[in-house]
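Residue-level structure breakdown
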Amino acid sequence: MLRKLHISCISALEIDMRLSKYYFFVFIIIIISILLRFCLLQNQSLWFDEGWSLALSDGRTFQENLSGIINREAGDKYQPLYYLVLFYWRSAFGDSEFAIRSLSALLGVGSVIAIFFTSLRVYGKKHALWSSMLLAVSSFSVFYSQDARPYALLIFITTLQIYFFSHSIKEDKSNKIISQVLFGIFTAIGSFGSILTIIFSFSLSLSHALVYKKFKEWIKWWIPAVIFSSPMIWFYLSSPAVSDPTATVVTRTGLPIVQNILFVIYGILVGTSYGPPLEQLRGEEKIKVLLSYWPHFLILIIVISVIFIALVTSLLRQHKIKKYQQADYLFTSLLVTSFLIAFIFALVTKINWLPRHSFYLCIPAFILIPSAFLHNSYRQNKLDILPQFAKLATVFLVIMNVYSNFQYYLNPAYAKDDYRSAVHYLLQHRDKSTKSVLFFGQPRLLQYYGDSSTLYAPEYILRTMKGKNLAEKVSTITKNADTVFVITNREFYWGLKDLFKREMSDLYNLEEEVDWPYMKIYRFTRKKSKKAP
């Protein structure tokens, strides 16, 4: 009797030790996610798109901000939630770079926690560790967790959708009404967050129907979600973009769609700072630049191929534990259908399809990847080493994302638009007799960093002004100032560099040209031989 009691005590102690060890690893993953998202949070300047986040949350009231968002005929009109949340966040925590971006950082950590509990409920402890680790170190997730843009919020909402929906996967007799209602609520919140989230929700609905084939159960989960989301669905369907998808002001693609597809996969899995800086790919030598990074891409191709082959092999074989197999089918279907619908959306709208436009892909991808080497009935076969290779490939994927993160943190070649340095230069070199003009850029960021004197002359204003060329228009704007600073942001979008300098040379001499990441300032002085128009 005493011997049995002794064995029981030892067994209980071993279980406690294993649990303690497990939750220690969970704690470490959460700490890693916090450190990566809050590390150097204010190191880089706010960039062009973040300027729009400021501008669209600058109103004094909720109604004023909402009116500004829905009256803007641009992509931001179809993702209003973030700017309204940011309005209240700024009211509570202030306008410092750290405060503004900390909202996204906090939501990024919340996504890691949500994906952990989802994987824990569906697959178990080991799978939960792997999925949460993949999202914790994901360079894609970290970048947008340090960005005052909607994507960290949208990823967080989709992880909560999947978490509450995962209750439908559990084959138990428990009451699921609360989960169904919460799932419907967060689906509706997601629809208010972005039209892109509706693509994810629609893909999840299709996958649920295709994999589980239980119509009554499907109705119970999706009727509340559709009812709660109906106001935003009606808003999107009644917008001008439905009749003319190209009417909305967004960046249009100039690339073959195949390049966009490859860029989306690359960006989601390892982030855009893993390979060459994007700025280097805009010149004539982009092929040469890409080839110089061949070791990076070779490793990436090998890693993706091994994981993909292992996943397909796992899906085609019968699992001993059927619930894992159906869950794998669900997340595979979700990944494939959401990707295909995003592809169709990009074709119809002619949007420049980027990784951030398919932010939701990282959720099913990171939940699914550990299934390449976990829960397989053939993993006990010593002759079948594919799961071991898949596990090693997943470890490499983690390392590649860590590398990509440190490139983003520490390599200036991957820096965002440096409005901060541009304004600092202006304030040091501009006096009362000089003028400065912003042609292409975000005037709200100049104001944010302390420059309230620069004149804003976007293309639509320049077109309405008198003058035979740009030089005469600049002279009119600046009231014939002898020295003029011209500021441009992301000059490559406009393709006017040579024309810009040629036309300015009619009245001005170019004395100095200084640049920072994606920012340039030209200092022009008026030619003495030319009279003012």
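Use the structure listed above.
Below is a short write-up of the structure. Going along each chain's sequence as written, the residues are numbered from 1 onward. Per-residue local features are limited, in this predicted model, to residues with pLDDT of at least 70; the limit for side-chain atom pairs, both in listing and counting, is 80 or more; totals at the level of whole chains, interfaces and linings are taken over all residues. Heavy atoms from the whole structure form the basis of all side-chain values; hydrogens and water molecules are not counted.

Some thoughts on helix H11 (residues 215-237)
For H11, with 23 residues, the first-to-last C-alpha span of 26 Å runs short of the 33 Å given by 1.5 Å per residue. The angle separating two fitted axes, one through the seven residues that finish at a residue and one through the seven that start at it, defines the bend at that residue. For helices the rule is a DSSP run of H or I covering at least 4 residues; for strands it is a run of E covering at least 2, with both sets numbered from the N terminus onward. The largest bend in H11 comes to about 55 degrees, at Ser230, with the proline Pro231 one to four residues further on. Residues Trp221, Trp222, Ala225, Ser229, Met232 and Tyr236 constitute the buried set of H11. Whether two residues touch is decided by their heavy atoms; if any such pair falls within 4.5 Å, the residues are in contact. Next to the buried residues of H11 lie helix H8 (151-165), helix H9 (177-193), helix H10 (195-212) and helix H12 (240-243). Helix span, as expected, comes to 1.5 Å for every residue beyond the first. Burial classes: relative accessible area under 20% of the type maximum marks a residue as buried, over 50% as exposed, and values in between as partly exposed (1.4 Å probe, protein chains only).

Notes on the pairing of strand E4 (residues 508-516)
Any two strands with at least two DSSP bridges between them are considered paired. For E4 and strand E5 (residues 519-526), the ladder comprises 8 bridges, and the chain directions are antiparallel. Counted as the bridge partner of Asn509 is Thr525 from E5. In textbook terms, the turn of a hairpin is the stretch between consecutive antiparallel strands, and for E4 and E5 this stretch comprises 2 residues, one of which, Tyr518, has a positive phi near 65 degrees.

Regarding the layout of surface pockets
Considering only enclosed or pocket space, the second largest pocket measures out at about 630 Å³ in volume. Counting only elements with at least two residues in the lining of the second largest pocket, the list comes to helix H13 (257-270), helix H15 (294-316), helix H16 (322-349) and helix H17 (362-368). Sort the elements by how many residues they give to the lining of the second largest pocket and H15 lands first, with 7 residues. Think of a 1 Å grid over the protein atoms and nothing else: a 1.4 Å probe that fits but is trapped marks a cavity, an open set flanked by protein within 12 Å on at least five of seven lines marks a pocket, and residues with an atom within 4 Å of a point count as lining. Grid points are joined across faces, edges and corners, and a volume is the space filled by probe spheres set on the points.

A few points about the sheet that holds strand E3 (residues 483-489)
Reading across from one edge, E2-E1-E3-E5-E4 is the order of the 5 strands in this open sheet, with mixed pairing throughout. Both edges of this open sheet fall to strand E2 (455-456) and E4, since each of them pairs with a single strand only.

Here we look at the packing of aromatic side chains
Pairs were defined over the aromatic rings of Phe, Tyr and Trp, the Trp ring being its six-membered one, requiring ring centres within 6.5 Å. Orientation was assigned from the angle between planes: stacked under 30 degrees, edge-to-face over 60, tilted for the rest. As enumerated under the stated definition, the model contains 43 aromatic pairs in all. Taken together through their ring pairs, the aromatic side chains of Phe140, Phe143, Tyr144, Tyr151, Phe200, Phe359, Tyr360, Phe406, Tyr408 and Tyr409 make up a single cluster. Consider the ring centre and the ring normal. A charge sits over the ring if Lys NZ or Arg CZ is within 6 Å of that centre and within 35 degrees of that normal. It is Arg121 that lies over the ring of Tyr163; its NZ or CZ is 4.6 Å from the centre. Sitting over the face of the ring of Tyr22, Lys125 holds its NZ or CZ atom 5.6 Å from the ring centroid.

Describing unusual backbone geometry
Phi at Lys213 is positive, roughly 55 degrees, even though this residue is not glycine. Note that Lys213 resides in the loop between H10 and H11. Even without a glycine there, the phi angle at Arg490 is positive, about 55 degrees. Secondary-structure assignment places Arg490 in the loop between E3 and helix H23 (497-504). With a relative accessible area of 12%, Arg490 lands in the buried category.

Focus: a nonpolar patch on the surface
A cluster of nonpolar residues, Phe24, Phe25, Phe27, Ile28, Ile31, Ile34 and Leu35, forms a patch on the protein surface that exposes about 630 Å² of accessible area. Secondary-structure assignment places Phe25 in helix H1 (residues 2-38). The exposure class assigned to Phe25 is partly exposed, which follows from its relative accessible area of 40%. Patch building starts from residues that exceed 30% relative accessible area and form no salt bridge, then joins like charges within 9 Å and nonpolar side chains (Val, Leu, Ile, Met, Phe, Trp, Tyr) within 5 Å. The protein chains shown are the only cover counted for residues, whose accessible areas, like all others here, come from Shrake-Rupley with a 1.4 Å probe. Every case where a carboxyl oxygen of Asp or Glu lies within 4 Å of a side-chain nitrogen of Lys or Arg is listed as a salt bridge.

Comments concerning the environment of Leu160
Considering the arrangement of structural elements, one finds Leu160 in helix H8. Given the relative accessible area of 14%, Leu160 is considered buried. Taking the C-alpha atoms as reference points, Leu160 and Phe183, separated by 23 residues in sequence, lie 7.9 Å from one another. Setting aside residues up to four positions removed in sequence, Leu160 forms contacts with Ala114 and Phe186.

Digging into the pattern of salt bridges
Applying the stated criterion to the full structure yields 15 salt bridges. A salt bridge links Asp95 to Arg90; the nearest nitrogen and oxygen atoms lie 2.7 Å apart. Residue Asp95 is classed as partly exposed on the basis of its relative accessible area, which comes to 37%. By relative accessible area, Arg90 is classed as buried at 9%. Members of the salt-bridge network, linked through shared partners, are Asp58, Arg90, Asp95 and Arg444.

Details of the environment of Leu107
In this structure, Leu107 sits in helix H5 (residues 97-122). Setting aside residues no more than four positions away along its own chain, Leu107 makes contact with Ala152, Leu153 and Phe156.

Observations concerning empty space enclosed by the protein
Following the criterion strictly, the structure yields 2 cavities of 30 Å³ or more and no others. Roughly 60 Å³ of internal volume is contained in the largest cavity. As for the largest cavity, its lining consists of Leu40, Leu41, Asn43, Gln44, Arg101, Gln146, Tyr408 and Tyr409. A breakdown of the residues in the lining of the largest cavity according to their chemical character gives 4 nonpolar, 3 polar and 1 charged. Reported here for the second largest cavity is a volume of approximately 40 Å³. Lining the second largest cavity, in full, are Leu196, Ile199, Ala342, Phe345, Ala346, Ile351, Trp353, His357 and Ser358. When residues of the lining of the second largest cavity are traced back to their parent elements, those giving at least two are H10 and H16. Amino acid classes used here: Ala, Val, Leu, Ile, Met, Phe, Trp, Tyr, Cys and Pro are nonpolar; Asp, Glu, Lys and Arg are charged; the rest, including Gly, are polar.

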